[in-house]
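Close look at the chain arrangement
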Amino acid sequence: MIKRETFALLTRITVFYDQFEVNQEKVNLWHEVLREYPLTEIQGNLLTFVRNSSYPPKLAELIACDNRMKRVPTWRKPGIQPPS
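This write-up is about the structure you can find in this document. Model, not experiment: these values are computed from the prediction.

Notes on the overall build of the protein
- Assigned secondary structure in the protein consists of four helices and zero strands.
- Seen in sequence order, the protein has helices and strands lined up from the N terminus as α-α-α-α.
- By the burial criterion, 27% of the 84 residues in the protein qualify as buried.
- Taking the contacts inside the protein whose residues are at least 6 apart along the sequence as the reference set, 65% of them involve residues at least 24 apart.
- In the form shown here, the protein has an accessible surface area of approximately 6500 Å², with 55% of it arising from carbon and sulfur atoms.

Notes on helix H1 (residues 3-16)
- The terminal C-alpha atoms of H1, which comprises 14 residues, lie 20 Å apart, in line with the 20 Å expected from a rise of 1.5 Å per residue.
- Of all the residues in H1, the buried ones are Thr 6, Leu 9, Leu 10 and Ile 13. The buried residues of H1 occupy an angular sector of 95° when the element is viewed end-on, so they sit on one face. Of the residues in H1, the exposed ones pointing more than 90 degrees away from the buried face are Arg 4 and Val 15.

Considering the packing of H1 against helix H2 (residues 24-34)
- Here H1 crosses H2 at 115°, and the two axes come no closer than 9 Å. Here H1 is positioned roughly perpendicular relative to H2, judged by the angle of their axes. The interaxial crossing formed by H1 with H2 has right-handed handedness. Each of Lys 3, Thr 6, Phe 7, Leu 9, Leu 10 and Ile 13 in H1 lies in contact with H2, whose residues at this interface are Lys 26, Val 27, Asn 28, Trp 30, His 31 and Leu 34.
- A breakdown of the residues in the contact of H1 with H2 according to their chemical character gives seven nonpolar, three polar and two charged.

Some points on the packing of aromatic side chains
- Per the counting criterion, the structure on display carries one aromatic pair.
- We note Lys 26 situated over the ring of Phe 20; from NZ or CZ to the ring centre the distance is 4.0 Å.

Examining the packing of H1 against helix H3 (residues 39-52)
- Packing of H1 against H3 leaves a shortest axis separation of 11 Å and a crossing angle of 15°. Judged on the interaxial angle alone, H3 and H1 are roughly parallel. Here H1 and H3 pass one another in a crossing that is right-handed. On the side of H1, the interface is formed by Glu 5, Leu 9, Arg 12, Ile 13 and Phe 16, while H3 contributes Leu 39, Ile 42, Gln 43, Leu 46, Leu 47 and Val 50.
- Each residue belonging to the contact of H1 with H3 can be placed in one class, and the counts come to eight nonpolar, one polar and two charged.

Scoring rules and cut-offs
- Residues numbered from 1 in each chain as written.
- Predicted model: local features only at pLDDT ≥ 70, side-chain atom pairs only at ≥ 80, totals over all residues.
- Heavy atoms only, no water.
- Helix = DSSP H or I, 4+ residues; strand = E, 2+ residues; numbered from the N terminus.
- Buried < 20%, exposed > 50% of the residue type's maximum accessible area, 1.4 Å probe, protein only.
- Contact = heavy atoms within 4.5 Å.
- Areas by Shrake-Rupley, 256 points an atom, 1.4 Å probe, with all protein chains shown as cover.
- Expected span 1.5 Å × (residues − 1).
- Arc of directions from axis to C-beta.
- Axes fitted to C-alpha atoms, helices over the stretch in contact; angles between N-to-C directions.
- Parallel < 35°, antiparallel > 145°, perpendicular 65-115°, else oblique.
- Left-handed = near helix turned anticlockwise from the far one by under 90°.
- Nonpolar A, V, L, I, M, F, W, Y, C, P; charged D, E, K, R; others polar.
- Phe/Tyr/Trp six-rings, centres within 6.5 Å; stacked < 30°, edge-to-face > 60°.
- Lys NZ or Arg CZ within 6 Å of the ring centre and 35° of its normal.

Written out as structure tokens, the structure is:
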């Protein structure tokens, strides 16, 4: 994510939450953390968050919604079928 996209994300948060304020320091600090994430992923996490909270998100909450965590596969021993 580039800094301009970080600003756009923070501006979007102000649309959902009137009490959320954007300033240059917030843009800079959020960008330090968010630069490694794609904008579309974090925007999706924001929309998920908005559906469930009446309070503005903290940065960690948008990352915690991250869909990159995959379900751990069930371990199976080769040649043995799991019980049915």
